[in-house]
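Understanding the architecture of this molecule
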Amino acid sequence: LDMLLGFPLLEVLDFSDNQHLTGNISSLRAFKGTLKSLDISRCLSVRGNIMELADFPHLKNLYLYNTAVTGDIRDINVHDFPALESLYLPDTVHGSMDYEFRHISEVPSFMHTV
């Protein structure tokens, strides 16, 4: 993922099904102000914590299914992922399986109830 730093205006990134892609999603912090869609599904060697992307103001689509990304959806608060419309998380993110939420802000209260 570090190789992308030469593209500072990147808005859409789709590397889905790329078995050779490696790195940490923290490398994407350089695109905090521009990234709108990220799909690294089935990139098994990509790691990091989902919260590294929580403050991306324009991120609408986030597909991390079948990656090594970790985290806990209970860490998400009302101000995180402000533009998010579509989210697919790997089972390595605690609380990510078999739930559907209309708004990201519903996640913390639900997870603390469960």
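In what follows, the accompanying structure is described. Since we're looking at a predicted model, the values are computed, not measured. (Residues numbered from 1 in each chain as written. Predicted model: local features only at pLDDT ≥ 70, side-chain atom pairs only at ≥ 80, totals over all residues. Heavy atoms only, no water.)

1. Focus on the overall build of the chain
Short version of the rule: Comment: elements are numbered from the N terminus, with helices defined as DSSP H or I runs of at least four residues and strands as E runs of at least two. A 1.4 Å probe rolled over the protein chains alone gives each residue an accessible area, and that area as a share of the maximum for its type sets the label: buried under 20%, exposed over 50%, partly exposed in between. Note on contacts: a residue pair qualifies if any of its non-hydrogen atoms lie within 4.5 Å across the two residues. Note on areas: Shrake-Rupley, 1.4 Å probe, and residue coverage restricted to the protein chains presented here.
Per the secondary structure count, the chain includes one helix and eight strands. Each of the 114 residues in the chain was classed as buried or not, and the buried ones make up 41%. Put simply, of all contacts in the chain between residues at least 6 apart along the chain, 54% involve residues at least 24 apart. Carbon and sulfur atoms make up 50% of the accessible area of the chain, which amounts to about 6,500 Å² in all.

2. A short note on unusual backbone geometry
The backbone of Arg-42 sits at a positive phi, close to 65°, despite the residue not being glycine. Along the chain, the position of Arg-42 falls in the loop between strand 3 (37–39) and strand 4 (45–49).

3. Re the sheet that holds strand 7 (residues 86–88)
This is how it is decided: Pairing between strands requires that DSSP locate at least two bridges from one strand to the other. Structural elements are reduced to axes, namely lines fitted to C-alpha atoms, with helices fitted over the stretch in contact, and the angle between N-to-C directions of any two is expressed from 0 to 180 degrees.
The sheet built from four strands is open, its strands ordered 1-3-5-7 with parallel pairing. Both edges of this open sheet fall to strand 1 (12–14) and strand 7, since each of them pairs with a single strand only. This sheet shows a mean twist of 10° between the axes of neighbouring strands, independent of strand direction. Two elements, strand 1 and strand 3, share three bridges in a ladder whose sense is parallel. Bridging across to strand 3, Val-12 finds its partner in Ser-37.

4. Focus: the packing of aromatic side chains
To keep things clear, this is the line we draw: Working definition: a ring pair exists when centres of Phe, Tyr or Trp rings (six-membered ring for Trp) sit within 6.5 Å. Plane angles under 30 degrees give stacked, over 60 give edge-to-face, the rest tilted.
Enumeration according to the criterion identifies one aromatic pair in this entry. On the basis of an interplanar angle of 25° and a centroid distance of 5.3 Å, the ring pair of Tyr-63 and Tyr-88 is categorised as stacked. Separated by 25 residues along the polypeptide, Tyr-63 in strand 5 (residues 61–63) and Tyr-88 in strand 7 bring together distant segments of the chain.

5. Points about the side chain of Ser-41
Rules: Pairing of N or O atoms within 3.5 Å defines a polar contact, subject to two protein rules: one partner must be a possible hydrogen donor and the other a possible acceptor, and residues neighboring in sequence count only if both atoms are side-chain atoms.
Along the chain, the position of Ser-41 falls in the loop between strand 3 and strand 4. Judged by relative accessible area, Ser-41 falls into the buried class, the value being 5%. For Ser-41, the side chain forms a polar contact with the side chain of Asp-39, separated by 2.9 Å. Contact partners of Ser-41, with chain neighbours within four places excluded, come to Ser-16, Asp-17, Tyr-63, Leu-64, Tyr-65 and Thr-67.

6. Considering the nonpolar core
Rules: Put simply, buried Ala, Val, Leu, Ile, Met, Phe, Trp, Tyr and Cys residues joined by side-chain atoms within 4.5 Å make one nonpolar core.
Core analysis: the biggest nonpolar cluster contains 27 residues, and Leu-28, Leu-38 and Leu-53 have the highest contact counts within it. Residues in contact with Leu-38, not counting those within four places in the same chain, are Leu-13, Leu-28, Leu-53, Leu-59, Asn-61, Leu-62, Tyr-63 and Leu-64.

7. Points about the pairing of strand 4
Burial along strand 4 is one-sided: the face carrying Val-46 and Gly-48 is buried and the face carrying Ser-45, Arg-47 and Asn-49 is not. When strand 2 (residues 22–24) meets strand 4, the two strands line up parallel, connected through three bridges. Across the sheet, the residue bridging to Asn-24 is Arg-47, located in strand 4.

By themselves, these are just geometric observations and shouldn't be taken as functional.
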